[in-house]
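Below are the chains, spelled out letter by letter.
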Amino acid sequence: MISNCAVLNRNALNSKEKIMSIVGSKDVLKMAMKIEQNGEEFYKQFSQKINDERASQLFRDLAKEEKKHYNIFKSLLESPSDNELKVAYPNEYKEYLQAYGDTLIFNKELEKQANSINDITSAFDFSIRRELDSILLYQDMKQYASNKDKETLDNIIAEERLHFVTLTNKKKELASK
């Protein structure tokens, strides 16, 4: 059942006179770049801390993937685009993005948590959570992206899902030993 709020939101989004630009797509791309940069750093750090060579190699490979995603978002940022995020309720979405960034991207506590991880299970748990956080943001970004950018986001989401599955399977494999 669709709530009245959801119907009102959809109707408001369809009403051109009520749509306003609140956050430039460049701001969201910068946020995505920061997520990928953080992921790369966390994976590099874990690859050096973990004593299991196969797990360390997995973290090195994931760091390379995150760097690749960073470069994709950077190229989108640098490409000329008229596509700006548009939402009918600017404060609501802007607050959501700010809270998301403060909680999951620009958070010193998250850095402390990653720095304190010394065991393989905790490294996998932390990494799995970050992959899910990335998927959530990128799924949300899609609703405001151009068709071309949606395809790019779909590809990145598919890779993030693969990271999630790989990390989950590797964690299970190590737990069964």
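Predicted, not measured: the structure shown is a model, and the values here were computed from it.

A.B. asks: Lay out the overall build of the chain with the relevant residues and their values.
C.D. replies: On a plain count of helices and strands, the chain comes out with seven helices and two strands. Put simply, the chain runs from its N terminus to its C terminus through helices and strands in the order α-β-α-α-β-α-α-α-α. Sorting the 177 residues of the chain into buried and exposed places 41% on the buried side. Look at the contacts in the chain between residues 6 or more apart in sequence, and 81% of them connect residues 24 or more apart. Entry remark: accessible area of the chain is about 10,400 Å², with carbon and sulfur atoms responsible for 51%.

A.B. asks: Lay out the nonpolar core with the relevant residues and their values.
C.D. replies: Taken as a class, soluble globular proteins show a tendency for nonpolar side chains to be buried jointly. Among the nonpolar cores identified, the biggest contains 22 residues, and Leu-29, Phe-73, Leu-97, Leu-137, Tyr-138, Met-141 and Leu-153 are the most heavily contacted of them. Those elements giving two or more residues to this core turn out to be helix H2 (25-49), helix H3 (53-78), helix H4 (90-104), helix H6 (120-142) and helix H7 (147-175). The element contributing the most residues to this core is H2, with six residues. Counting 18 residues, the second largest nonpolar core, distinct from the first, contains Ala-55, Ile-117, Phe-124 and Phe-126.

A.B. asks: Describe in detail the pattern of salt bridges, supporting the description with residues and values.
C.D. replies: This structure, assessed with the given rule, holds eleven salt bridges. The salt bridge involving Lys-44 is made with Glu-40; its shortest N-O contact spans 3.1 Å. With Lys-44 and Glu-40 both in helix H2 and four residues apart, this pair spans about one turn of that helix. For Glu-40, a relative accessible area of 10% translates into the label buried. In this structure, the salt-bridge partner of Glu-109 is Lys-112, at a minimum N-O distance of 4.0 Å. Highlighted residues: Glu-109 and Lys-112, both in helix H5 (residues 108-116), separated by three residues, approximately one helical turn.

Each value, and the rule that gives it
Residues numbered from 1 in each chain as written. Predicted model: local features only at pLDDT ≥ 70, side-chain atom pairs only at ≥ 80, totals over all residues. Heavy atoms only, no water. Helix = DSSP H or I, 4+ residues; strand = E, 2+ residues; numbered from the N terminus. Buried < 20%, exposed > 50% of the residue type's maximum accessible area, 1.4 Å probe, protein only. Contact = heavy atoms within 4.5 Å. Areas by Shrake-Rupley, 256 points an atom, 1.4 Å probe, with all protein chains shown as cover. Core = buried A, V, L, I, M, F, W, Y, C linked by side-chain atoms within 4.5 Å. Salt bridge = Lys/Arg side-chain N within 4 Å of Asp/Glu carboxyl O.

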